[in-house]
Amino acid sequence: MYRTVLKLLSRSRNSGVSAGIGFDVRASMMIGGEDLTGSGKVAINPKVGSLFLNNRMFSTSILTPDSGDFSSHLLKSKQAVISSDHTQGLCQDLVIPMTNFLLEDKGLMVLAGDVFDVPIRKDIIHRVVRWQLAKRQQGTHSTKTISEVSGTGRKPYPQKGTGRARHGTLRGPQFRGGATMHGPNPRSHAFKLNKKVRRLGLKIALSARAAEGKLLVFDDLKMPTHKTKNVVNWYNQMNECKKLLLVDGGPIEENLKRATQNLHYVNVLPSIGLNVYSILLHDTLVMSRDAVDRVVERMHTPINR
């Protein structure tokens, strides 16, 4: 299992992007004589197709041509001034484009760097995956001891005179239909894992998908109809996507649920059910704007001790 987890995360630093912004910048951007970022530094990663803001904003926000935070022509053209390399894991805020199932431009969204750009640690991912798999194991395995197995308690034959080995019962473990010694009993396989480790594992999984360019943000996950062909047509337009995970903020919309329930390569989860193992099982993660806000809020909530 450890090798499987390592293999699932091996692409976190090497894969590219099929769509998005194909350049990288860390420079002072002055539009009309005003600094756009506050700190004067902006970075765009070619792997992520996103802008990395060096100023730390620990909440998500939306940037549109009408918001006034960014210049409208900058949002439309997405052009950069100077190119340089970006190092993943510096907790820099990410700015990624938003779209929907119709592939319409919905502006940009700022992702908190302490959630979507943390250093990749495979050991933490391994610990969290083991904790998840152990916790969901049913543990209903059971065997019967010599006092629980069905059968008579009569001595099968006299102690002496037969030339055979002495026995007091036919329900012993050496007989067919007898008891099982030291067999498994119903129990819980779960073990304790600190909340901060579990929370860090989810941040690392989200950061790995963002670094691979496999994290997409939709304005919403509303479907016009419940037809499966609409999801299939949209899925076929995506490049290098084998298995897809859709994450919505609240309860799953009925049209989306019905449109995806017959597709084995598309799964849907609410934001409260987002977990490390599900992210690793799917090579592409699509989150709604509401889901991103709720996940960031959950990651910033203090841990109750």
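Before reading further, recall that the structure is shown in the block above.
Residues numbered from 1 in each chain as written. Predicted model: local features only at pLDDT ≥ 70, side-chain atom pairs only at ≥ 80, totals over all residues. Heavy atoms only, no water.

**Concerning the side chain of T284**
Then comes step 1: Summarising the element assignment, T284 is placed in strand β11 (residues 284-288).
Then comes step 2: Beyond its immediate sequence surroundings of up to four residues, T284 is in contact with K214, L216, M238, C241, K243, L244 and L245. (Helix = DSSP H or I, 4+ residues; strand = E, 2+ residues; numbered from the N terminus. Contact = heavy atoms within 4.5 Å.)

**Digging into the packing of helix α4 (residues 122-136) against helix α5 (residues 195-212)**
Then comes step 1: For the pair α4 and α5, interaxial distance at closest approach is 9 Å and the crossing angle is 115°. Overall, the two elements α4 and α5 adopt an arrangement that is roughly perpendicular. Seen along the crossing, α4 lies across α5 with a hand that is left-handed. For the pair α4 and α5, contact is made by I124, I125, R127, V128 and W131 and by V197, R198, L200, G201, I204 and A205, respectively.
Then comes step 2: Per-class residue counts for the contact of α4 with α5 are eight nonpolar, one polar and two charged. (Axes fitted to C-alpha atoms, helices over the stretch in contact; angles between N-to-C directions. Parallel < 35°, antiparallel > 145°, perpendicular 65-115°, else oblique. Left-handed = near helix turned anticlockwise from the far one by under 90°. Nonpolar A, V, L, I, M, F, W, Y, C, P; charged D, E, K, R; others polar.)

**With respect to the pattern of salt bridges**
Then comes step 1: Applying the stated criterion to the full structure yields five salt bridges.
Then comes step 2: Between K106 and E104 there is a salt bridge whose closest N-O contact spans 3.6 Å.
Then comes step 3: With relative accessibility at 30%, the residue K106 sits in the partly exposed group.
Then comes step 4: The partner of R289 in a salt bridge is D219, with the nearest N and O atoms 3.0 Å apart. Of this pair, R289 sits in helix α9 (residues 289-300) while D219 sits in the loop between β8 (215-218) and α6 (228-236); the two residues are 70 residues apart in sequence, bridging distant segments of the chain.
Then comes step 5: By relative accessible area, R289 is classed as partly exposed at 30%.
Then comes step 6: Given the relative accessible area of 18%, D219 is considered buried. (Salt bridge = Lys/Arg side-chain N within 4 Å of Asp/Glu carboxyl O. Buried < 20%, exposed > 50% of the residue type's maximum accessible area, 1.4 Å probe, protein only.)

Purely geometric stuff here, so don't read any function into it on its own.
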